[in-house]
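Close look at the chain arrangement
The residues making up each chain are set out below.
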Amino acid sequence: MDFFDPHFHVWDVSEGTRSGHDSTILFAPGDDPVYTAARYEADFTKLPKELHHVGGVFLEAVSVCHTSMKGTDPAFTEHCLAEAKWAHATLATSAKAYLLVPSCALEASNVADVLDEYAKLDGFRGIRQIVNKDPDWPRNGGALGDPLEIAEWVKGLSVLAARGLSFDLQLNPSQLRKFAEIYATVPDMTVVINHLGCATLADLTDRPDVFFDGLAALAKFPNCYIKLSMLCYPAGDWDTNDVVIAAVKRVIDIFGPDRCMFASNYPVDIKDAWPAERLFPAFLKLVDYLDAETKAKLFAGNARKAYRA
């Protein structure tokens, strides 16, 4: 069965890097600051025999970097463009099939110009922004704030939608309903919610209605997908945590098995003790109640559809 990975990173945090990455935020995987396509692929050598890694979708990491820099700062645009070009170059060294989802500050006035530059890169499919606020991810607690409350950001999203590009969104459960209101202004757009909506264990136990009702509001949009990834965020040993397991199965029910997708989130999840020989058997066990056709969608088919592979 193919595994087409819809969420992984490559980066360079070496001294003097020109990849746009920020070594004060990102880490050196395995103590090597340059995580290339070849290193990423090597991390799948112990994939279970049921799965065959065939490629995937690069996701940006710059929107978590450069915390003192506003998205309207031309230097931030340069970092976004540098990351996209660096990622494109390293992925081009592989014979596998890869697509690109770099970043763009939707709140900036140069959105169209940045998208024009990305359109020159083979495999460009859309952009991602990290908007987690309260609890804050690094830039959201600093220069960016809450993009969902910025009128210019909403306008930027419409520019993206008008070009038929997808939007990868990382946000908190408390922001799901607000984004659903914004989504209604571009209802045909393909949106991919990252990392199970970033639910913490407290979100699942103390505030489950906020999380599940928010996801249900987004699932009403037919082109909204969700990634079953970074499951170690709510619980380090998520594969033995009944709350997390039940939550993932409920999310599959909410969105339906045609709009969910497993993702590695490498190299981040490797750092958090989830190498391929641990992560993918756990994924397979999680959906052992589903038939082969449905599993094939969760591991490859849905991602290929969402990203027009």
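Structure first, text after, so check above.
The present account deals with the structure reproduced in this document. (Residues numbered from 1 in each chain as written. Predicted model: local features only at pLDDT ≥ 70, side-chain atom pairs only at ≥ 80, totals over all residues. Heavy atoms only, no water.)

A few words now on the packing of helix α3 (residues 111–118) against helix α4 (residues 151–162). One can describe the packing of α3 onto α4 by two numbers: an axis separation of 10 Å at closest approach and a directional angle of 35 degrees. Seen from above, α3 lies across α4 with right-handed handedness. For the pair formed by α3 and α4, the contact residues are V111, A112 and L115 on the first element and G156, V159 and L160 on the second. Looking at the contact of α3 with α4 residue by residue, the class counts come to five nonpolar, one polar and no charged. (Axes fitted to C-alpha atoms, helices over the stretch in contact; angles between N-to-C directions. Helix = DSSP H or I, 4+ residues; strand = E, 2+ residues; numbered from the N terminus. Left-handed = near helix turned anticlockwise from the far one by under 90°. Contact = heavy atoms within 4.5 Å. Nonpolar A, V, L, I, M, F, W, Y, C, P; charged D, E, K, R; others polar.)

This brings us to the nonpolar core. A general trend in soluble globular proteins is that nonpolar side chains are found buried together. Counting residues in each nonpolar core, the largest one holds 97 residues, and the members touching the most others are Y118, L157, F167, F179, W238 and F280. In terms of nonpolar packing, the next biggest core, distinct from the first, is built from 13 residues, F4, V54, M261 and Y307 among them. (Core = buried A, V, L, I, M, F, W, Y, C linked by side-chain atoms within 4.5 Å. Buried < 20%, exposed > 50% of the residue type's maximum accessible area, 1.4 Å probe, protein only.)

Orientation of helix α2 (residues 74–91) relative to α3, taken along the N-to-C sense of each, is 15 degrees, at an axis distance of 11 Å. As far as their axial angle goes, α3 and α2 are roughly parallel. The way α2 lies across α3 gives a crossing that is right-handed. From α2, T77, C80, L81, A84 and K85 reach across to α3, where they touch V114, E117 and Y118. Its residues assigned to classes, the contact of α2 with α3 shows five nonpolar, one polar and two charged. (Parallel < 35°, antiparallel > 145°, perpendicular 65-115°, else oblique.)

The next thing to look at is the sheet that holds strand β4 (residues 52–59). The parallel open sheet is built from three strands, whose spatial order is β1-β4-β5. Lying at the two open borders of the sheet, with one neighbouring strand each, are β1 (2–8) and β5 (97–101). Each strand of the sheet is rotated relative to its neighbour by a mean of 20 degrees, with strand direction disregarded. Examined bridge by bridge, β1 and β4 share five bridges and lie parallel to one another. Bridged to F3 within β4 is H53. Strands in contact with helix α11 (residues 292–306) are β1 and β4; relative to β1, the strand with the most contacts, it is inclined by about 60 degrees. (Pairing = 2+ DSSP bridges.)

Here we come to the environment of I150. Here I150 lies in the loop between β6 (126–130) and α4. Residue I150 is classed as partly exposed on the basis of its relative accessible area, which comes to 22%. For the pair I150 and T240, spaced 90 residues apart in sequence, the C-alpha separation works out to 40 Å. In contact with I150, not counting residues within four places along its chain, are E107 and L144.

As a further point, take unusual backbone geometry. Glycine aside, residues mostly have negative phi angles, and peptide bonds mostly take the trans form. With omega at 5 degrees, the peptide bond leading from D134 into P135 counts as cis. Topologically, P135 is positioned in the loop between β6 and α4. Of note, the bond from Y266 into P267 is cis; its omega dihedral lies within 30 degrees of zero at 5 degrees. Within the chain, L196 stands out as a residue other than glycine whose phi angle is a positive 55 degrees.

In this section: the state of the cysteines. Taken as a whole and judged by the stated rule, the model has zero disulfides. For the unlinked cysteine C224, the closest cysteine sulfur is that of C260, found at 9.9 Å. Owing to a relative accessible area of 0%, C224 belongs among the buried residues under this scheme. Taking the relative accessible area as the measure of exposure, C260 reaches 0% and is therefore buried. (Disulfide = S-S within 2.5 Å.)

A large share of strand β9 (residues 224–228) lies buried, amounting to five of its five residues. In β9, alternate side chains face the same way, and those of C224, I226 and L228 on one face and Y225 and K227 on the other are all buried. Pairing analysis gives three bridges linking strand β8 (residues 191–193) to β9, with the strands arranged parallel. For V192, the partnering residue across the bridge sits in β9 and is Y225. Relative to strand β10 (residues 260–262), β9 is paired through three bridges, and the arrangement is parallel. Bridging from a neighbouring strand, I226 pairs with C260 of β10. In terms of handedness, the path from β9 via helix α8 (residues 242–255) over to β10 forms a crossover that is right-handed. (Right-handed = clockwise from strand over helix to strand, strands pointing away.)

Any functional reading would require information beyond the geometric quantities listed.
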